[in-house]
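# Descriptive analysis of the structure
Below, each chain spelled out in residue letters.
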Amino acid sequence: MAALDLFGRRWSLRVVWELHGGPLGFRALRQRCDSMSSSVLRQRLAELLDAELVHQGPDSAYALTELGRAAYEALRPLVRWSERWAAELSVSRTASANPDAGCQDSVPGSRS
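Residues numbered from 1 in each chain as written. Predicted model: local features only at pLDDT ≥ 70, side-chain atom pairs only at ≥ 80, totals over all residues. Heavy atoms only, no water.

### Side note on a nonpolar patch on the surface
A cluster of nonpolar side chains, namely L78, W81 and W85, defines an oily patch on the protein surface of about 360 Å² accessible area. By the secondary structure assignment, W81 is in helix α5 (residues 66-97). (Patch = residues over 30% accessible without salt bridge, like charges linked within 9 Å, V, L, I, M, F, W, Y side chains within 5 Å. Areas by Shrake-Rupley, 256 points an atom, 1.4 Å probe, with all protein chains shown as cover. Salt bridge = Lys/Arg side-chain N within 4 Å of Asp/Glu carboxyl O. Helix = DSSP H or I, 4+ residues; strand = E, 2+ residues; numbered from the N terminus.)

### Digging into the pattern of salt bridges
Counted by the stated rule, this structure contains 7 salt bridges. The partner of R14 in a salt bridge is E18, with the nearest N and O atoms 2.8 Å apart. Taken together, the residues R14 and E18, both in helix α2 (residues 12-19) and 4 residues apart, mark about one turn of the helix. Here D34 ties to R14 by a salt bridge, and the two come within 3.1 Å at their closest N and O atoms. Residue D34 is located in the loop between α3 (26-32) and α4 (38-50), and its partner R14 is located in helix α2; the two are separated by 20 residues in the primary sequence.

### A look at the nonpolar core
Grouped together as the largest cluster of nonpolar side chains are 18 residues, with contacts concentrated most on V15, L19, L29, L45, L48 and V54. Of all the secondary structure elements, the ones that give two or more residues to this core are α1 (2-8), α2, α4, β2 (62-64) and α5. Once you skip the residues sitting within four places of it in the chain, V15 turns out to touch L29, C33, M36, L41, L45 and L48. (Core = buried A, V, L, I, M, F, W, Y, C linked by side-chain atoms within 4.5 Å. Buried < 20%, exposed > 50% of the residue type's maximum accessible area, 1.4 Å probe, protein only. Contact = heavy atoms within 4.5 Å.)

### Here's the deal with α5
An ideal rise of 1.5 Å per residue puts 46 Å on 32 residues; α5 measures up with 46 Å between its terminal C-alpha atoms. A bend of about 30° at L75 is the largest found in α5, and the proline P77 appears one to four places after it. Check the buried side of α5 and you find it contacts α1, α2 and β2. (Expected span 1.5 Å × (residues − 1). Bend = angle between axes of the 7 residues up to and from the residue.)

### Observations concerning α4
For α4, built from 13 residues, the straight-helix expectation of 18 Å at 1.5 Å per residue is met to within 8% by its first-to-last C-alpha distance of 18 Å. On its buried face, α4 sits against α1, α2, α3, β1 (54-56) and β2. The first or second residue beyond α4 is E52, which carries a positive phi of 65°.

### A closer look at the packing of aromatic side chains
What the rule picks out here adds up to 2 aromatic pairs. A centroid spacing of 5.5 Å and a plane angle of 50° characterise the contact between W17 and Y72, whose relative ring orientation is tilted. With W17 in helix α2 and Y72 in helix α5, the pair connects residues that are 55 residues apart, well separated along the chain. Classification of Y72 by relative accessible area gives buried; the value is 12%. Both rings, one in W81 and one in W85, keep their centres 5.1 Å apart while their planes meet at 25°; by these two values the pair is stacked. Residue W81 and its partner W85 are located together in helix α5, separated by 4 residues, close to a single helical turn. (Phe/Tyr/Trp six-rings, centres within 6.5 Å; stacked < 30°, edge-to-face > 60°.)

### As for the side chain of E47
The residue E47 is located in helix α4 in this model. Overall, E47 belongs to the buried group, its relative accessible area being 15%. Not counting residues up to four positions away in its chain, the partners in contact with E47 are L6, R9 and S12.

Here it is as structure tokens:
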């Protein structure tokens, strides 16, 4: 439950996602996170540091710890599932917006 609570906080997953490619300084991380507020980023980083999913190097850059990388890997199936879900929703919404798509009007005995 503690992990779900941590990852359920706004921007926590995004920070982990952005750090999976390698260390980033505060400013670069903030830019990659669509310029979220500095105070929110500081709070999320403090929580992730406390949870030992992120560490801050001597150059002040933030990086995932081994636990953080494992969390990212554990979340990858959720990313794949969410991509499938989004695709199915798109198909479903397209079909409901255009219910006659793919259907041809036919009159018995007529040639199309």
